[in-house]
Every structure is written in structure tokens, then in C-alpha cells.
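The primary structure of each chain is shown beneath.
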Amino acid sequence: MTQFVPVTSCHDCGLLQQISHMPEDGAVKCCRCDATLRKRQRVEPAKSIEHTLALVITALVLLVISNVYPIIQVDAEGHEMAATLFGCVKYLFNNEMELLAGLVFLTTIGAPLIQLSGLLYILLPVNFNWIPPFAPQLYRLVRIITSWSMLEVLMLGILVSIVKLSALSTVVPSIALWTFALLMILIAAILSDLDTEMLWEQISPKIKPIDVQNIKQGIQLTNCHNCNLLCSVSAGHETCCPRCNAVVHLRKPNSLTRCTALVIAAAVLYIPANLLPVMVVTSLGKTEGDTIISGVIYLAKTGDMPLAIILFIASICVPTIKLIILTLLLMTVHFKSQWRPIERTRLYRLTEFIGRWSMVDIFVDTLMAALIQIQGLMVIEVGIGAVAFGAVVVLTMLAAMAFDPRLIWDNMEKVNE
Ligand SMILES: [Zn+2]
Ligand SMILES: [Zn+2]
């Protein structure tokens, strides 16, 4: 009888390695590129489902409250105004910014709603030892949509808006602000406490682990990008993951071409995103447009230095750094560079981590515009630059997703052969 060897392929460098033991606390790291391969959960496995289910139900209730009640109320010159998150989306939609409305809806309402209701659909029956239909397919969708849920960025956007609005009016934080803060913490807890490997094992039919010691010639092993199961793929072909049904490739198809096209598109749109106004303020008959940089300079001049620094980092540094890193990665892979593979892989992980934070500016502009609509006194509108900027954020996120970091290591392997 062959002995079962727990083997995994690193998602960042592709190296096959054996996980001999799980450390008591902490994580198993890749011995070549330092990526996290497995993480020990804070909650013991036997209680993971029940514990996460309680968090999911609470989070769903908070999500409903957060969307029913206003986030902030302002009182300017005797005019009282309040904005709900859905009101912000509606404002964008009514002002012919359907794409931006769709983006704000997806990242703040749609993605958390699909994520939480999907988990409820799976975890509630699993808790009573019953597997609901289509559970693996739905869990796969939940894992994909999670990267588009940006409640922590929205929270920062709300805080920045409060400081900016307090210069114009009296700001009263409303109930949804507190429920959003709680919701953000709960979703972070759900992501860190749920034992994904254990849940996959419970919801998918029993799958025989691959006998890695008896692999046929021409067959290579790689992990499924979605559920992390070790799958066998014949070189040059693709296969379907037996557990979640996602397509498994040895390398993401046309990774360099797709990533290059997305980076070029983002770089082109980055010009109007910075030159066109992201916010248009009409006050006492005078209309002024604020670009991203003029907004930051204005904040710095009026003494809001911490806020100016936050917006400068999120809206100017992050997209620029992302475009530079992605260009560097594409060039070094294209020219088969041997230069510092570990550092380049770390840079790749950085782009994946920081990308979403640029959405802060979009959330701030939307909230301010949805709130300050005092006809004849002051009207704030979202400028066309915000649409271009939103497109830059989405395109750079898609570019980072399209890039396959294992390509960095392929060049190293070819030289060592
Ligand atoms: Zn690795
Ligand atoms: Zn899978």
C-alpha cells in the first residue's frame, strides 16, 4: 500500500513540496519564495463551522442595517441631508455614471452580500451534516467575489469624508457608520477563522489524493487556483479541478499578453484620471473642478495634513507604484531575467495587497456628492475623472490577477537545468 504524502505546489513559485507538519501556531511557508502555504486557524477545526456560521448570521444582519440607515447626516445652513450607501449608488446611476455606480455597488454591497449569503447557504446545512446542492460551485464563487469586497476601504473613505465634510457643515455620524465598522471587523474574522481546507473536504465528494510517487510521464502537478487541491495536468493542456470544477492550468493562459494589455490600458486611462476633475463643486454660482492632486494640495494647505497624506498615498502613490511594479515584472519575465526572484515575488504580492486602497478617493467623492446637494448654495458632483480613475483601479487589479508569478521562477529553473 502506498503511503499518503501531503504534497502541495506553491501558488507563487510552483515548487512542489511536502508539508511534514503544521506548526502549533503560525503558518507553513514556501521554502523557496516565502509564500504562505498553509495557515493554522485561530479556532480549533471542530468548532470552525459553528463559529463561522454565527459570525456570518450576525454579519448579514449588520449588512441589512448598514444599508437601510444613513451612514452620515449633515446639517449645512439649516439644510439637513443624509446619505445611505444605496443612495450613493443611486445618485451615480441617475447622473449617468452607470459604470462607476456598478463598481461602487459591487465593492460595497454586492460582493459582501454574495459572500455572506453564499456562506450561509453552505454553512447552515453543513453544520447539521447535510451538503446543500451546488455547494462547491457556490463556494468557488464566494472565493472569487471576496477579492472585490472592499468594506475596509469604504470605511477609510467614510472617515475621510467626515473630516472633509466637517469643514463645510455639522456632521453627525449615523447608525450605519457603526454597523459598517462592526461588519468590517466581522468579515475579517470570518476570513481568518474559517478553515477553508476542512470546509472543502466536507462539501465536495470524497476525492482520492494523487499518488505523487507514481506519476506518469508527461504529467505535472499543480494546485487548483481556487480551492488549492493538488491536481495532475498534462503539459500544454488544461484540466478541470475534481473538487471545485475550476479550470486548472500549469500556468495562467496568455498571462503576459493579458497583463501587458491591461497595464497599457490602465496607464493610458491614468492620464485623464489625473488631468480631469474627480469632483466638481458649485458654490454661490461659481463652479470649480478638483483633480486628484489639486484636492490633495488643497487639504495640505488648509491644514489637514494627515488626510492629505492618506489621500496622496492611496490615490497617487498606490496606482503609480502598481503600474511601475507590474511593468517591471512584465519586462523581467519577458527578457528572462534572473534578477532577485524572491524580491520580485514579494513585489507581486505587494501589488495584490495594495491595489484596492486606491478606491478611497472614489468612495469619498461619491459620498460627498450624494450628501451636499443644496440647490442655490452648494452642489458637489462627481467629475468624469473619477470614472477614469475607477477604471484604472479595476484594470490594475485585473492585471495583477492575470499575471502568473510562477513565470518569474520558470526562468530560474531553465538556467539551473
Ligand atoms: Zn513558493
Ligand atoms: Zn479546485
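Residues numbered from 1 in each chain as written. Chains lettered and ligands numbered in written order. Predicted model: local features only at pLDDT ≥ 70, side-chain atom pairs only at ≥ 80, totals over all residues. Heavy atoms only, no water.

**Concerning the coordination of the zinc ion (ligand 1)**
- Protein coordination at the zinc ion (ligand 1) comes from Cys10 (SG), Cys13 (SG), Cys30 (SG) and Cys33 (SG), with a distance range of 2.2 to 2.4 Å.
- Because the angles between the four donor atoms bound to the zinc ion (ligand 1) fall within 102 to 115 degrees, the donor set is best described as tetrahedral.
- Along the chain, the residues donating to the zinc ion (ligand 1) fall in the pattern C-x2-C-x16-C-x2-C. Remark: Cys33 occurs in the loop between β3 (27-29) and β4 (36-39) and Cys13 occurs in the loop between β1 (7-9) and β2 (16-18); sequence separation between them is 20 residues. Each member of the pair, Cys13 together with Cys33, is buried. (Donors = N, O, S within 2.8 Å, 3.2 Å for Na, K, Ca; no water. Tetrahedral: all angles 85-135°; square planar, octahedral: opposite > 155°, others 65-115°. Helix = DSSP H or I, 4+ residues; strand = E, 2+ residues; numbered from the N terminus. Buried < 20%, exposed > 50% of the residue type's maximum accessible area, 1.4 Å probe, protein only.)

**Examining the domain arrangement of the chain**
- For the chain, the domain assignment lists domain 1 (7-40 + 205-243) and domain 2 (254-417).
- A straight line from the C-alpha centre of domain 1 to that of domain 2 covers 33 Å.
- Across the boundary between the two partners, domain 1 contributes 10 residues, which contact nine residues of domain 2.
- Together domain 1 and domain 2 conceal approximately 810 Å² of surface at their shared face, both sides included; 44% is due to carbon and sulfur atoms.
- Counting the surface domain 1 buries against domain 2, the share from its top three residues, Asp12, Arg32 and Cys33, is 59%.
- Here Arg349 makes a salt bridge to Asp12, at a shortest N to O gap of 2.5 Å.
- At the junction of domain 1 and domain 2, the tally comes to five residue pairs in polar contact (both at pLDDT 80 or more). (Domains from an automatic or database assignment. Contact = heavy atoms within 4.5 Å. Buried area = accessible area lost by both parts, 1.4 Å probe. Salt bridge = Lys/Arg side-chain N within 4 Å of Asp/Glu carboxyl O. Polar contact = N/O pair within 3.5 Å; in protein donor to acceptor, adjacent residues only side chain to side chain.)

**Some thoughts on the coordination of the zinc ion (ligand 2)**
- Looking at the zinc ion (ligand 2), one finds its protein donor set to be Cys224 (SG), Cys227 (SG), Cys241 (SG) and Cys244 (SG), positioned 2.3 to 2.4 Å from the metal centre.
- If you look at the zinc ion (ligand 2), its four donor atoms make angles of 101 to 116 degrees with each other, and the shape they trace is tetrahedral.
- Each donor residue of the zinc ion (ligand 2) belongs to the same chain, with the gaps between them written as C-x2-C-x13-C-x2-C. Residue Cys227 is found in the loop between β8 (219-223) and β9 (230-234), and its partner Cys241 is found in the loop between β10 (239-240) and β11 (247-248); the two are separated by 14 residues along the sequence. Just as Cys227 is buried, Cys241 falls in that class too.

**So, helix α4 (residues 135-146)**
- Between the first and last C-alpha of α4 there are 16 Å, a value that for 12 residues agrees with the 16 Å anticipated at 1.5 Å per step.
- Where α4 is buried, its residues contact α3 (98-127), α6 (175-193) and α7 (196-203). (Expected span 1.5 Å × (residues − 1).)

**Some remarks on the sheet that holds strand β14 (residues 373-374)**
- A sheet is described by the order of its strands in space; here four strands give the open sequence β13-β12-β15-β14, paired in antiparallel fashion. Across the chains shown, the open sheet's two edge strands, defined by having one partner strand only, are β13 (286-290) and β14.
- Two strands pair when backbone bridges link them, and strand β12 (residues 279-283) and strand β15 (residues 378-382) are joined in this way by five bridges, in the antiparallel orientation. Looking at the pairing, Met279 lines up with Val382 of β15. (Pairing = 2+ DSSP bridges.)

**Things to note about the sheet that holds strand β5 (residues 72-76)**
- Pairing is antiparallel across the open sheet formed by three strands, whose spatial order is β6-β5-β7. Taken across any chain shown, the strands that pair with only one partner, and hence form the sheet edges, are β6 (79-83) and β7 (170-173). Ignoring which end each strand starts from, the neighbouring axes of this sheet average 20 degrees apart.
- In terms of strand pairing, β5 meets β7 through four bridges, oriented antiparallel. Directly across from Ile72, in β7, lies its bridge partner Pro173.
- Of the strands in this sheet, β5 and β7 touch helix α5 (residues 151-166), which is tilted by about 10 degrees from β5. (Axes fitted to C-alpha atoms, helices over the stretch in contact; angles between N-to-C directions.)

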